[in-house]
Amino acid sequence: MRSLTRAACAAAVMAAAALLSGCGSSPPKPAPLEVVTPRIAGKQVWRQSLGGAPLPGLSVAVQGDRFIVASRDGVILALDASTGAERARIAVGERLTAGVGSDGRFLAVVGASNDLIVLEGGKVRWRSRLGSRAVTAPLVAGERVFVQRVDRTIEAYDVLDGRKLWSLSRSGEPLALAQPGVLLPFKDTLLAGQGARLLQIDPLLGTLRQELALPAQRGTNEVERLADLVAPAVRSGEVLCLRAFQSSVGCVQVERNQLRWSRNFGGYQGVAADADVLVAADGSDRVSAWKASTGDLLWSHERLRNRGLSAPLISGSTVVFGDFEGWLHFFGRERGDSLLRLPTDGSGIAAPLVRSGTTLLAITRSGGVHAFRPE
């Protein structure tokens, strides 16, 4: 099975479209930034550095009052969410391809050697060689470490000794997306993406309980037919809202294994959601919001068109996106009105935005770790 990174897949799709339209290969021009009169207060409260480029597809672990981040070169930092003070710095000793997963005691990452590496107390507790590459951060929960490999195999390991407990795979798909996918807990169930399907797995036995497919558009080739579920997906109560790569967004009633609603909406990044609203950007960075209960469109705008947007984050009454120049754009959750714009270091946002309490964290391509508090 071949794997394709999100950037490579997006480039392939755009190149095909350009050839068909006769427009050449010039990238679309980013929308100029509008003048924003601040309507809410917010400022950067601290800054740190990874000391190198962030891990591609980095997932930031939020554990209580700590942010846990990793660099491509294998350095893991635990930072105080309020002050940015360094709580721990761990050198894994090799380049990484996935991370960071944590339950507060154990940390899990995947090395470039395809080793699943689990750490405790700042030291490597065990390593286990995976059968193929992984780019989704391992999930550490219930004394197990769950892994989603690029070939769509899902595995579980004992967190204490690294014993493989089970493996669940599905064959027959020639191309897989090398972009972080959906892997998260729900009550006594493991939720995992496998292609466009959301699986509900018994975490103890590795048996499939239920599955549900998000609607995916039918393309003319392997690339256009890729519709893997991508991170971040967001759970609010018993509802999970998520995106199928370049195909659709929607919300699932997990307990009933029922699709609440979906909308065709091509795009490459994950979504933001709460009990009321789902927000996402499409492949050209048109931003839209839907009512989480019904899928009714609430608002849509193109003010950030072609600005290479990150996955969004909902924080209170605001929705935040990062862009390719490192700007953070704050919009009203209810109407999509521009509220505030704040800079980072100009190198572009490299990871999904996360928050701990009122502190929002943005990581840039140059390795800058920037914390903000909107008010």
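What counts and how
- Residues numbered from 1 in each chain as written.
- Predicted model: local features only at pLDDT ≥ 70, side-chain atom pairs only at ≥ 80, totals over all residues.
- Heavy atoms only, no water.
- UniProt positions renumbered as here; feature names shortened; annotations may be inferred.
- Helix = DSSP H or I, 4+ residues; strand = E, 2+ residues; numbered from the N terminus.
- Rg over C-alpha atoms; globule rule 2.2 N^0.38 Å.
- Buried < 20%, exposed > 50% of the residue type's maximum accessible area, 1.4 Å probe, protein only.
- Contact = heavy atoms within 4.5 Å.
- Areas by Shrake-Rupley, 256 points an atom, 1.4 Å probe, with all protein chains shown as cover.
- Lys, Arg positive; Asp, Glu negative; His and termini not counted.
- Charge placed at Lys NZ, Arg CZ, Asp CG, Glu CD.
- Phe/Tyr/Trp six-rings, centres within 6.5 Å; stacked < 30°, edge-to-face > 60°.
- Lys NZ or Arg CZ within 6 Å of the ring centre and 35° of its normal.
- Pairing = 2+ DSSP bridges.
- Axes fitted to C-alpha atoms, helices over the stretch in contact; angles between N-to-C directions.
- Polar contact = N/O pair within 3.5 Å; in protein donor to acceptor, adjacent residues only side chain to side chain.
- 1 Å grid on protein atoms, 1.4 Å probe; cavity = no way out; pocket = protein on both sides within 12 Å on 5 of 7 lines; lining within 4 Å.
- Points joined across faces, edges and corners; volume = space filled by probe spheres on them.
- Nonpolar A, V, L, I, M, F, W, Y, C, P; charged D, E, K, R; others polar.

For the protein chain, an unreviewed UniProt entry supplies the name Outer membrane protein assembly factor BamB and the organism Leptothrix discophora. Under the Subcellular location (unreviewed entry) heading, UniProt states for the protein chain: "Cell outer membrane". Recorded in UniProt under Sequence similarities (unreviewed entry), the annotation for the protein chain is "Belongs to the BamB family."

Undergrad: Could you give an account of the overall build of the protein chain, with specific residues and numbers?
TA: Helix and strand counts for the protein chain come out as two helices and 34 strands. The C-alpha radius of gyration computed for the protein chain amounts to 20 Å, which stays within 12% of the reference 21 Å derived for 375 residues, consistent with globular compactness. Dimensions along the principal axes, computed over C-alpha positions, put the protein chain at roughly 55 × 50 × 40 Å. The proportion of buried residues among the 375 residues of the protein chain is 55%. By sequence separation, contacts in the protein chain at least 24 residues apart represent 49% of the contacts at least 6 residues apart. Put simply, the protein chain shows about 15,400 Å² of open surface, and 49% of that area lies on carbon and sulfur atoms. Each charge sign in the protein chain was given a centre, from 44 positive and 35 negative side chains, and these centres are 2 Å apart.

Undergrad: Now, about the environment of isoleucine 68: what can you tell me, with residues and values included?
TA: When you line up the elements, isoleucine 68 lands in strand 4 (residues 66-70). Of the residues examined, isoleucine 68 reaches a relative accessible area of 2% and is grouped as buried. Sequence separation between isoleucine 68 and glycine 101 is 33 residues, and the spatial gap between their C-alpha atoms is 8.7 Å. Excluding residues within four positions of it along the chain, isoleucine 68 makes contact with Ser59, Val60, Ala61, Gln63, Ile76, Leu77, Ala78, Val100, Ser102 and Leu107.

Undergrad: Let's hear about the packing of aromatic side chains: which residues, and what values?
TA: The description of two aromatic rings rests on the distance between their centres and on the angle between their planes. Under the definition given, this model contains five aromatic pairs. Ring centres 6.3 Å apart and planes at 40° place the aromatic pair tryptophan 261 and tryptophan 290 in the tilted group. With tryptophan 261 in strand 23 (residues 258-264) and tryptophan 290 in strand 26 (residues 287-291), this residue pair connects regions lying 29 residues apart in the sequence. A network of ring pairs unites the aromatic residues Trp261, Phe265 and Trp290 as a single cluster. Across from the ring centre of tryptophan 327, 5.9 Å away, lies the NZ or CZ of arginine 341, which sits over that ring.

Undergrad: How would you summarise the sheet that holds strand 7 (residues 96-102) if you had to cite specific residues and measurements?
TA: One key point about sheets: their strands pair by backbone hydrogen bonds, in either a parallel or an antiparallel sense. Reading across the sheet, the four strands line up as 7-8-9-10 and stay open at both edges, with antiparallel pairing between neighbours. Each edge of the open sheet is held by one strand with a lone partner, namely strand 7 and strand 10 (123-129). Across this sheet, the average inter-strand angle for adjacent strands is 20°, counted without regard to direction. In terms of strand pairing, strand 9 (residues 115-120) meets strand 10 through six bridges, oriented antiparallel.

Undergrad: Quick one: what's the story with the environment of arginine 144, residue by residue and with numbers?
TA: Among the secondary structure elements, arginine 144 is positioned in strand 12 (residues 144-148). Once the C-alpha coordinates of arginine 144 and alanine 233 are considered, the two residues, 89 residues apart in sequence, prove to be 21 Å apart. Reaching out from arginine 144, the side chain makes a polar contact with the backbone oxygen of proline 203 at a distance of 3.4 Å.

Undergrad: Please provide a residue-by-residue account of empty space enclosed by the protein, values included.
TA: Summed over the entire model, instances satisfying the criterion amount to two cavities of 30 Å³ or more. A volume near 130 Å³ is recorded for the largest cavity. Gln148, Arg149, Leu177, Gln179 and Asp228 are the residues nearest the centre of the largest cavity, which is lined by 15 residues in total. The computed volume of the second largest cavity comes to approximately 70 Å³. Lining the second largest cavity, in full, are Pro32, Leu33, Glu34, Val36, Arg303, Leu304, His329, Phe330, Phe331, Ser338, Leu340 and Arg341. Breaking the lining of the second largest cavity down by element, the ones donating at least two residues are strand 30 (328-332) and strand 31 (338-342). In terms of residue class, the lining of the second largest cavity is built from seven nonpolar, two polar and three charged.

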